[in-house]
Amino acid sequence: MKHVFFLDGQEIPFIPGQNVLEAAIAAGKDQQIPYFCFHPALGSLGACRQCAVKIYAHDSKHPPRITMACLLPASDALQLATLEDDVHTEHREIIELLMTNHPLDCPVCDEGGQCHLQDMTVQTGHSVRHYSGPKRTYRNQDLGPLVYQEMNRCITCYRCVRFYQDAAQGEDFGVFGSRNRVSFGRLEDGPLESPFSGNLVEVCPTGVFTDKVFRHDYVRVWDLQQGPSVCPHCAVGCNTTPGARLGTLRRIRNRIRPEINGHFLCDRGRYAFPYVTANSRPLQPRLMGETTRQDAVLRQLASRLEEGRSGFLGSPREDLQSNLGLFALADCLHAPFAAVTSSWAEALAQQCLALPQAPSLQEVAAADRIVVIGDLDSIAPMAGFAVRQALRQGAALTVLASSRTELAQKGDYRPLRPSALRDQVAQLADDPCLQGGRFPVLLATAETLGPSGLYALRKTLEKLPANARAGAFVNRPNLFGAAYFAADGHTERLQQALRQRKINHLLCLGADPLGEDWGAGTWRTLAPGLDGLTLLDMVDSETARSAETLIPVAAFPERAGLFVNYEGRIQAFSPVYRREAQVLHSAVHGSGFPEAAGGVKHPLGPPPPLFWLGRLAEMLHLHEAWQKRLDFYLHFLCPERPDPEGPGVLLPDTIRARFEIAAVPAARAVTPEQWELDIFRWYGGETLADMADELHSLAPARGLRVHPNVQAAAATLHGPCGELRLPVIACAEMVQGVIAIDQEGFAELGLYPGDPVEVSWEQRQ
Amino acid sequence: MMLFLMALGMLFTTLVLLGVAGFLVFAERRVLGFLQNRLGPNRLGPLGVGQALADALKLMSKENFVPDFADPVLYRAAPVLVAFSALASFAVVPLDHHFSWAGNWNIGLLFILAMSSLNAYGVFLGGWASGNKFSLLGAVRAVAQLVSYELPMGLALLGVVLLSGSLSLNGIVAAQNLPYIVLQPLGFVIFLIAGVAETHRLPFDLPEAESELVAGFNTEYGGMRFGYFFLGEYLGLTLIAVLTALLYLGGWHGPWLPGWIWLLIKTAALIFVFFWLRATLPRPRYDQLMALGWKVLLPLALFNVLATALAAALWRLA
Amino acid sequence: MRVWRNISELGAGLWTTLRQLGRTSTVSYPEEPLNLPPRWRGRPVLTRDPDGDERCVACQLCSAVCPTRCIELQAGERPDTRRYPLTFRINFSRCIFCGLCEEACPTLAIQLLDEFAFSKEHHADFIYEKEALLIDGTGKHPHYNFYRHSGVALQGKDKGEGINEKAPVNVRSNLP
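Residues numbered from 1 in each chain as written. Chains lettered and ligands numbered in written order. Predicted model: local features only at pLDDT ≥ 70, side-chain atom pairs only at ≥ 80, totals over all residues. Heavy atoms only, no water.

Explanation requested: the overall build of chain C in the structure shown.
Within chain C, the regular secondary structure consists of five helices and six strands. Along the chain direction, N to C, the helices and strands of chain C fall in the order α-β-α-β-β-α-β-β-α-α-β. Here chain C has a C-alpha radius of gyration of 26 Å; the compact-globule value for 176 residues is 16 Å, and the former is much larger. Overall size of chain C, expressed as C-alpha extent along the three principal axes, is 100 × 50 × 25 Å. (Helix = DSSP H or I, 4+ residues; strand = E, 2+ residues; numbered from the N terminus. Rg over C-alpha atoms; globule rule 2.2 N^0.38 Å.)

Written out as structure tokens, the structure is:
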């Protein structure tokens, strides 16, 4: 049955449970009902008194009355009116009250052009301030490098607090003061601690909270080139809308995708984009450290490949098509190819892909029994956000980790050494924490759990009720895409070929085998056997600096491509803008304008990897074969191309089934006396995100995180590939006997999470 | 030797006349400008006098062009005919007592009438030979207009001839103890209107009629051929002004100043009147033009002749 | 009667034209200077506030309203958090002098001069950069200073020091 109520005599359809405002907005009637405190994801509050509608009683005894649409549940045959004088007067006068203290600084306000208050003021027709008394003012707080506060603009709709405290469950932001002195902020100046603080910018209907990174290079929203894109900073694949102008990326905003990120985005997704504009980003091809022309580099590379002694290395950081292009080229040349840099990561990828269909974040938010393994917030913050939403609905949370993470404080925390995780996971099926649940969900950080842990997780899942789901997260956008190529032993074979001098050249795509990728230690020992290394990448990584040939590629918002997220959802992103060198000061007339108008032509940004690979295939006279293979693989993986505006396409189950037979990974035994390694990450840490200055300024110090009972100033760790000396950081939340280090440290040592390590402590002087 | 000097003098006169015509083109533009709250051409030379020279140079430097569809001989001959007939008329025009090239020719008036008819041929042939419908319409209009207005003009002149008893211009001027404008006011008006129509100037410029016929008979003309038509028109204008001055305003008669200066002043004033008319009056419709000629001017002119003759007879009797 | 009326009308017409002799509406520009009205719309410039600082705060309303899209600017931020245009270009080969930018400007920074006759050999020379647009004066509005009215703090102007503002609120107080 179709439910409708009547607004100004027009039928408005609604779903039972919706309020009148929600239904009216969905029906496109938001021009008739202004609102402030209502937010689709935060719900109704009735605080702003703005969404007044007139309700007519069905009988003639009661006169019509004015009520708030956001607090009025929609019901059948409701008679409502907004186009009447008293309703309109109510709207206008409430706006006027909200505007009495408004500082009228729209010209210097970053919200201008996307300001809800501006829209509503214009919509209701309020234009003259009748109150001529002095205005209330506030002092602003410094909320860190990401969010800028201008408290004078506040209309006290409480959306920020409702988001920060209720939805994101952050604790360092709140409401202060009383009566008309209400203020929103932290207790004292300092960066916001929540990994979701950037959403304040989008949630705030006025300009109290604005984007501080965007502020440094500001343009009005109407001048931005925008398009649908997908966040490349973790496996969740949140949908984003990058905005660019004059050939440079200026900001990232959330794009609503109910299945994944809903209305919000984490700070990594929002503030990591400056890698695109970083000064260190390579834009010209480099040969032996010297900038050269495209064709010179291509000729050099083609002659290398013609020798037939090249290996190929893909990356879970690059998109699906580029990896496929590289794979197809390797296939044409019968050269060894690997998609990941170590056998351990290969096993990890296989085990991830072998897991049955993971829950979407929307489903996670609806779960009632949740087990989180590892520090989920620091790998995939939006997954952590979905867990918080489930907690708000009363879900029971159990966290298995080696440190008391923020999520662990909100649920049942079980401190565990990484090596114990696997056994614990294997026993979860009978654990009370999952009993009695309607919809249990297990979320793991793949690297902490390791391949054997993921295998145990899969086995546990088989014992759980059929609707139980599990998901594994990494901070690479395309692990599943890369996992598709990660057949058994590919990486080992590539390394073996290098060891046996069958190949002397490595063509890498977006990988950092000499820097911080898993297994980099091994690659470093093999590096002397390489005559040359060619890298196609968009950041200035360790490998890029030492590569013989560096080929720059377009950043993700500059090109089209496909990412496969942790659920196996293939999502397309489309090019948003063309990169150009930004011209700021121009002594020469006309620079910045087209050549025809007398302007100077700027070097365009580098082309995408597929362009380079296609040119290479052409120069090797393999183009037809290469193209055929590329098309074939692509068609096999995703028979129907996802629409960048749409929800994406899930990988077919047949592809998962191929990986269920993968070998059971062996786990290394650790005795309780040994020191054990765990991975330490923070929510803004990721290869590309590390290039973003503002976000990176919040990064915690590098060091060995251990329990405070260790009385040492520094320590040296000994691994099979090298040693690592770092200062000790005492961390009350760590489990005893565990040392947490970052991925770079693992790469230097040649070890993996859960491995035992030899430590030599240096006592404090 | 005498012949050579005469030829030299004729050449000089011709050049002076052409110069005068050229200057009139400029003068008209400026006078029109002043009458219409404008300035007119004032860029080249003092007061913009150089504009006349610039126009002449422009016309002379243009391509000598004969359209494919035109009759080449007549097309070339027509402008020459126009300019020649206008110039030739001046042979009998005296500037002072017995000071004209043709001397005191006793049929000077008839010669001028003949030459002005020839002028009409030039216009007609030019329009016809162009082979263009606008030109042809202009030519047809020119012929009809000339035929219609030559008659009142001739009849108006009869009044003057009756009073002076002479066809020689010298004789007529000499007979004017009182300017004939006093004795022949009606004749003067008719002659002036017919004169304007003869030279097909505004408001009687129907053969050209820019707003209807592009440029009428000279649509297809350009460069110096167009220049000849143009010169012809302004020479005709000068001629009518001189004739009016001679026939009705007492010619060179006048106190204090030498005779030729008096004639010059009177002529210039009349030329200004023509410019003034152009600045003021709109162009009538073609049928109105014909109606004016045949239904108003012709009866009036006949009445003028009869009245003059009657008055002269009564005068004799008295 | 009709004839007399026609003739008198003819005479009236002639008299009307003759009366115009010696009068003229033409101004011999450029020999004679033009007397332009004060609100003449010529070339826009960027003005300064009474304190000598640039008025433009790079709000981009002028470029948004410009019907020919001839204004292009990039906002920058000074160390004292004051916004200013890092670059400001007007392409005068596209400008139609409609004055919408002046109307839209909330800080009265962009103002139209009476300069209208400027010609160049190349289109590129019509692209005026900020250096060519910024003048050392307040233009038509000598007293207006946007920052005194708007409630943002600057170096040298704290919250509450603007026109019609109260001192900043003590948010820690719970007194009624």
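Would you take a moment to explain the overall build of chain B for this structure?
Looking only at helices and strands, one finds 12 helices and zero strands in chain B. Taking 318 residues into account, the globule formula puts the C-alpha radius of gyration at 20 Å, and chain B, at 20 Å, falls close to it. Overall, the C-alpha framework of chain B stretches about 65 × 50 × 45 Å when taken along its three principal axes. Each of the 318 residues in chain B was classed as buried or not, and the buried ones make up 50%. Pairs at least 24 residues apart make up 75% of the contacts formed inside chain B by residues separated by at least 6 positions. Accessible surface, chain B: about 15,100 Å² in total, of which carbon and sulfur atoms supply 74%. When the 17 basic and 15 acidic side-chain charges of chain B are each reduced to a single mean position, those positions are 6 Å apart. (Buried < 20%, exposed > 50% of the residue type's maximum accessible area, 1.4 Å probe, protein only. Contact = heavy atoms within 4.5 Å. Areas by Shrake-Rupley, 256 points an atom, 1.4 Å probe, with all protein chains shown as cover. Lys, Arg positive; Asp, Glu negative; His and termini not counted. Charge placed at Lys NZ, Arg CZ, Asp CG, Glu CD.)

In this structure, what is going on with the sheet that holds strand E24 (residues 505-509) of chain A? I would like to understand it.
In any sheet, the strands associate via hydrogen bonds between backbone groups, in a parallel or an antiparallel arrangement. Residues and elements named next belong to chain A. Pairing within the open sheet is mixed, and its seven strands lie in the order E16-E15-E26-E25-E24-E17-E18. Among the strands making up the open sheet, the edge pair consists of strand E16 (290-291) and strand E18 (337-338). Relative to strand E25 (residues 532-537), E24 runs parallel, the two sharing five bridges. Across the sheet, residue Leu-506 finds its bridge partner in E25, namely Leu-533. (Pairing = 2+ DSSP bridges.)

How do you make sense of the domain arrangement of chain B when you look at a structure like this?
Size of an interface, as often reported, equals the accessible area lost when the parts are brought together. Residue and element names in this part refer to chain B. By the assigned domains, chain B splits into domain 1 (1-61) and domain 2 (69-317). Placing the centre of domain 1 and that of domain 2 at their C-alpha centroids yields a distance of 21 Å. Counting residues at the interface gives 19 residues for domain 1 and 20 residues for domain 2. Across the interface of domain 1 and domain 2, roughly 1,700 Å² is buried in total on both sides, 84% from carbon and sulfur atoms. Joining domain 1 to domain 2, the criterion identifies two salt bridges. (Domains from an automatic or database assignment. Buried area = accessible area lost by both parts, 1.4 Å probe. Salt bridge = Lys/Arg side-chain N within 4 Å of Asp/Glu carboxyl O.)

How should I be thinking about unusual backbone geometry in this particular structure?
Phi is mostly negative for residues that are not glycine, and the peptide bonds are mostly trans. Residue Pro30(C) follows Tyr29(C) across a cis peptide bond; omega there is 10°. Looking at where Pro30(C) falls in the secondary structure, it is placed in the loop between helix H1 (2-19) and strand E1 (44-46). A positive phi is found at Leu246(A), a non-glycine position, where the angle reads about 50°. Note on placement: Leu246(A) falls in the loop between strand E13 (239-245) and strand E14 (248-254). Of the residues examined, Leu246(A) reaches a relative accessible area of 27% and is grouped as partly exposed. Its identity is not glycine, yet Arg69(C) carries a phi of approximately 55°, on the positive side. Relative to the elements of secondary structure, Arg69(C) occurs in the loop between helix H2 (61-65) and strand E2 (71-77).

For this particular structure, what's the right way to read the pattern of salt bridges?
When their charged atoms lie close together, side chains carrying opposite charge are able to pair. Under the counting rule described, the total for this entry stands at 64 salt bridges over all chains. A salt bridge links Glu676(A) to Arg417(A), with the nearest nitrogen and oxygen atoms 2.9 Å apart. With Glu676(A) in strand E30 (residues 675-679) and Arg417(A) in the loop between strand E21 (412-415) and helix H14 (418-426), this residue pair connects regions lying 259 residues apart in the sequence. A salt bridge links Arg89(C) to Glu72(C); the nearest nitrogen and oxygen atoms lie 2.7 Å apart. Separated by 17 residues along the polypeptide, Arg89(C) in strand E3 (residues 83-91) and Glu72(C) in strand E2 bring together distant segments of the chain. Judged by its relative accessible area of 16%, Glu72(C) falls in the buried class.

Mind showing me how you'd approach the interface of chain B and chain C here?
Taken together, the contact between chain B and chain C spans 13 residues of the former and 15 residues of the latter. Taken over both partners, the interface formed by chain B and chain C buries close to 1,200 Å², and the fraction arising from carbon and sulfur atoms is 63%. Across the chain B-chain C interface, the total number found is one salt bridge. The closest approach of N and O atoms between Arg43(B) and Glu31(C), which form a salt bridge, is 3.2 Å. Run the count over chain B and chain C and you get six residue pairs in polar contact (both at pLDDT 80 or more). (Polar contact = N/O pair within 3.5 Å; in protein donor to acceptor, adjacent residues only side chain to side chain.)

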